[in-house]
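If you want the building blocks of each chain, they are given just below.
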Amino acid sequence: MNKQSFESLKREEEIKEQIIDSWKYIKDLEAELEYLKNIDSDLSKKIHSCNINDVNLFKESYSLNHRTRAFLKVQDGCDYKCSFCTIPLARGKSRSNTISNVIDNVHKIASENIKEIVLTGINLGDFGANSNETIQYNFFDLIKELDKLDLSVRFRISSIEPNLLSDEIIEFISTSKKFVNHFHIPLQSGSNSVLKLMRRRYDSELYKSRIKRINRLMPDACIGADVIVGFPGEDD
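Residues numbered from 1 in each chain as written. Predicted model: local features only at pLDDT ≥ 70, side-chain atom pairs only at ≥ 80, totals over all residues. Heavy atoms only, no water.

Focus on the packing of aromatic side chains
Per the counting criterion, the structure on display carries four aromatic pairs. Ring geometry for Phe 140 and Phe 172: centres 5.8 Å apart, planes at 85°, overall edge-to-face. Here the residue Phe 140 occupies a position in helix α5 (residues 139-147), and Phe 172 occupies one in helix α6 (residues 167-175), the gap between them amounting to 32 residues. Both residues of the pair, Phe 140 and Phe 172, belong to the buried class. Consider the rings of Tyr 202 and Tyr 207, whose centres lie 6.4 Å apart with planes at 40°: the pair is tilted. Using a relative accessible area of 9% as the deciding quantity, one classes Tyr 207 as buried. (Phe/Tyr/Trp six-rings, centres within 6.5 Å; stacked < 30°, edge-to-face > 60°. Helix = DSSP H or I, 4+ residues; strand = E, 2+ residues; numbered from the N terminus. Buried < 20%, exposed > 50% of the residue type's maximum accessible area, 1.4 Å probe, protein only.)

A few points about the sheet that holds strand β1 (residues 61-63)
Strand order across the open sheet formed by four strands is β1-β2-β5-β6, with mixed pairing between neighbours. Each of the sheet's edge strands pairs with one partner strand only, and the pair in question is β1 and β6 (154-157). Geometrically, the sheet is characterised by an average inter-axis angle of 25° between neighbouring strands, direction not taken into account. (Pairing = 2+ DSSP bridges. Axes fitted to C-alpha atoms, helices over the stretch in contact; angles between N-to-C directions.)

What to know about the side chain of Asn 123
In this structure, Asn 123 sits in the loop between β5 (116-120) and α5. Since its relative accessible area comes to 3%, Asn 123 is described here as buried. Ignoring any residue separated from it by four or fewer positions in sequence, one finds Asn 123 in contact with Gln 75, Gly 77, Cys 78, Tyr 80, Glu 161 and Leu 164. (Contact = heavy atoms within 4.5 Å.)

With respect to helix α4 (residues 99-110)
The terminal C-alpha atoms of α4, which comprises twelve residues, lie 16 Å apart, in line with the 16 Å expected from a rise of 1.5 Å per residue. Within α4, burial applies to Ile 99, Val 102, Ile 103, Asn 105, Val 106 and Ile 109. For α4, the buried positions fall inside an angular range of 160° around the axis, keeping them on one side. Close packing links the buried residues of α4 with β1, β2 (69-73), β5, α5 and β6. (Expected span 1.5 Å × (residues − 1). Arc of directions from axis to C-beta.)

Next comes the structure, spelled out in C-alpha cells:
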C-alpha cells in the first residue's frame, strides 16, 4: 500500500468516526427532546434529579467582574432537610474547600486590586463538614486564619444560619479589623411551631439571642434576614 492510499484510507476512517459520533449525538438529542416533551405528564410521578449525592468534589471559584468586591465560594451543598427547600437535590451534600486553598485564592483575588472579599456558600457556616482532610476544621477556624493575612482587603460573611453563627464567631467579628460588622441571618419565621414544620435547626429564642449579642457588641452592625410568608399551616 502506497502512502497516498494509506492517507486516503485513514481519511475514510476519520469520516466514519465523525458520522458515528454525529449519529450518537442525534440519538441523544432525540431522547432529550422526547424527555422534555413528556416532562409535564411525568412531574407527578417522579423526581427529576441526577446522582448529585454521589458528588464529593468541591469546585472552587470566585468572581471579579472588574469591580472592587469579589465573591469567593468556599463551601457548596447542604446536609439540612428543610421542608421548603430543594437545594440538597440540586447541589448535593455539604462539602468545602481547604483553608490553604481558600488563602491561596484570597491572595490571587487581592492581587487584582480587589478591596473586599465576600465569603459565600450554600450553607456557609457548615464549612469544613465532610472534609476529607486529616485535620478537621470549621468556619471559625477559617475566619481566624483569614484575619491573620497581611493584605489590604476586608472580608464579609454573606449568609449564615443562626444555629451556626456561634457566640465565639460574633465576638471574634466584633474585634476583627478585617471582617465588616455585617450579618445576614435567615429567620424564615418567628413562630416556633412554624420553624418546626420547616425543619429548621433553631427556635425564635436562639435567633433573638444572636441578635441581642450582635447589638450589644456591635451597635452599628448591619443585619439582614430572610422571611417566608404564608407557609402551609401558618395563620395570622
